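Residue-level structure breakdown
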Amino acid sequence: AQTVTQSQPEMSVQEAETVTLSCTYDTSESDYYLFWYKQPPSRQMILVIRQEAYKQQNATENRFSVNFQKAAKSFSLKISDSQLGDAAMYFCACLPAGGTSYGKLTFGQGTILTVHP
Amino acid sequence: NAGVTQTPKFRVLKTGQSMTLLCAQDMNHEYMYWYRQDPGMGLRLIHYSVGEGTTAKGEVPDGYNVSRLKKQNFLLGLESAAPSQTSVYFCASTKAIGAPSSYNEQFFGPGTRLTVL
């Protein structure tokens, strides 16, 4: 079984500044994927970034990057040059890579990000 | 290509009433999922399906039933609604499980806000 914990219910950042959202997870699986999803006020779930656990290199997608610390089971999301459109709820999620997982995602509780102009 | 669609978008029920939520995907995905989202708890898996004609229980299946008679559709039923089932319900689908990692991305519908009085 997996658990995912987001200890920051709310975060705020000034426009153009950088913010980091924290996520810790626990899994007994040797191989797994980690994801960050964004949920704006429209409720639509949008994939922001993914990380394969077997890769040591941290994933990046434009202004979004992760700090993946496998030994510490930490997976934080850094948003650089924050924009007003980044305001949303952000969810961290874990997915075991094995076929018997059947793709079942385990989500954290979510962090609400507010961006101030 | 509509992706994942959900019907209805909003619904209000009285305790004891029944209803069915419809999820449809046009991406020929094998795997489909129903989640519920509650404040402070993230998304939790209700039921899932690994293919046409198959369903299985997730983390919080009590009070819900599902069916996957056609590959593109995944129905979630509430036989006797209770106030504890007030939530936002999301359907998701994914192409397959395993490598490459892009196969594991789940595509979400827009959600259904259900209120049970």
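These lines cover the structure that appears in this document, whether it is placed above or below. Small disclaimer: the values here were computed from a predicted structure and weren't measured.

A word on the overall build of chain A
- Counting its regular elements, chain A contains zero helices and twelve strands.
- Scanning chain A from its N terminus toward the C terminus, one meets helices and strands in the order β-β-β-β-β-β-β-β-β-β-β-β.
- A compact globule built from 117 residues should have a C-alpha radius of gyration of about 13 Å, and chain A, at 14 Å, falls within 12% of that.
- Dimensions along the principal axes, computed over C-alpha positions, put chain A at roughly 45 × 30 × 20 Å.
- Relative to all contacts within chain A whose residues are 6 or more apart in sequence, the contacts with residues 24 or more apart total 56%.
- Within chain A, the 10 negative side-chain charges are centred at a point lying 6 Å from the centre of the 9 positive side-chain charges.

Let's talk about the interface of chain A and chain B
- Between chain A and chain B, the contact holds 23 residues from the first and 29 residues from the second.
- Area buried by chain A at its contact with chain B is led by Arg43(A), Tyr102(A) and Phe107(A), which between them contribute 31% of it.
- Taken together, chain A and chain B are joined by one salt bridge.
- We note a salt bridge from Arg50(A) to Glu105(B), for which the minimum N-O separation is 3.1 Å.
- Joining chain A to chain B, the criterion identifies nine residue pairs in polar contact (both at pLDDT 80 or more).
- Of the residues that constitute the side of chain A that touches chain B, the class distribution is eleven nonpolar, eight polar and four charged.

Points about the side chain of Lys38(A)
Residue and element names in this part refer to chain A.
- For Lys-38, the location among the structural elements is in strand β5 (residues 32–39).
- Buried and unpaired, Lys-38 has Asp-86 as its nearest opposite-charge partner, separated by 4.4 Å.
- Only 2.7 Å separates the side chain of Lys-38 from the backbone oxygen of Gly-85, close enough to count as a polar contact.
- Apart from the residues within four sequence positions on either side, Lys-38 is in contact with Gln-44, Met-45, Ile-46, Val-48, Gly-85, Asp-86, Ala-88, Met-89 and Tyr-90.

Some points on the nonpolar core
- Formed by 25 residues in total, the largest nonpolar core has its most connected members in Trp36(A), Phe75(A), Leu77(A) and Tyr90(A).
- Of all elements in the fold, only β3 (19–21), β5, β6 (46–52), β8 (64–69), β9 (74–79), β10 (88–96) and β12 (111–116) of chain A reach the threshold of two or more residues within this core.
- Residue contributions to this core peak at four residues, all from β10(A).
- Ignoring any residue separated from it by four or fewer positions in sequence, one finds Phe75(A) in contact with Cys23(A), Tyr25(A), Leu34(A), Phe35(A), Trp36(A), Gln51(A), Val66(A), Asn67(A), Phe68(A) and Cys92(A).
- Counting 20 residues, the second-largest nonpolar core is a separate cluster that includes Phe35(A), Tyr37(A), Tyr31(B) and Tyr33(B).

As for the packing of aromatic side chains
- The tally for this structure, following the rule as stated, stands at 16 aromatic pairs over all chains.
- With a centroid separation of 5.8 Å and 35° between ring planes, the pair formed by Tyr35(B) and Phe108(B) is classed as tilted. Of this pair, Tyr35(B) sits in strand β4 (residues 31–38) while Phe108(B) sits in strand β10 (residues 107–108), and the two are 73 residues apart along the sequence.
- Taking the centre distance of 6.4 Å and the plane angle of 80° together, the rings of Phe90(B) and Phe108(B) count as edge-to-face. Within this pair, whereas Phe90(B) is found in strand β9 (residues 87–94), its partner Phe108(B) is found in strand β10, the two being separated by 18 residues in sequence.
- The buried category is assigned to Phe90(B), whose relative accessible area is 0%.
- A network of ring pairs unites the aromatic residues Tyr33(A), Phe35(A), Tyr37(A), Phe91(A), Tyr102(A), Phe107(A), Tyr33(B), Tyr35(B), Tyr48(B), Phe90(B) and Phe108(B) as a single cluster.

A few points about the pattern of salt bridges
- Summed over all chains, the structure comprises seven salt bridges over all chains.
- Among the salt bridges present, the one from Asp26(A) reaches Lys73(A), with a minimum N-O distance of 2.9 Å. You can see Asp26(A) sitting in strand β4 (residues 24–26) and its partner Lys73(A) sitting in the loop between β8 and β9, a full 47 residues away along the chain.
- Each of Arg36(B), Asp38(B) and Arg44(B) takes part in one network of salt bridges that share partners.

Reading the values: rules and limits
Residues numbered from 1 in each chain as written. Chains lettered and ligands numbered in written order. Predicted model: local features only at pLDDT ≥ 70, side-chain atom pairs only at ≥ 80, totals over all residues. Heavy atoms only, no water. Helix = DSSP H or I, 4+ residues; strand = E, 2+ residues; numbered from the N terminus. Rg over C-alpha atoms; globule rule 2.2 N^0.38 Å. Contact = heavy atoms within 4.5 Å. Lys, Arg positive; Asp, Glu negative; His and termini not counted. Charge placed at Lys NZ, Arg CZ, Asp CG, Glu CD. Buried area = accessible area lost by both parts, 1.4 Å probe. Salt bridge = Lys/Arg side-chain N within 4 Å of Asp/Glu carboxyl O. Polar contact = N/O pair within 3.5 Å; in protein donor to acceptor, adjacent residues only side chain to side chain. Nonpolar A, V, L, I, M, F, W, Y, C, P; charged D, E, K, R; others polar. Buried < 20%, exposed > 50% of the residue type's maximum accessible area, 1.4 Å probe, protein only. Core = buried A, V, L, I, M, F, W, Y, C linked by side-chain atoms within 4.5 Å. Phe/Tyr/Trp six-rings, centres within 6.5 Å; stacked < 30°, edge-to-face > 60°.

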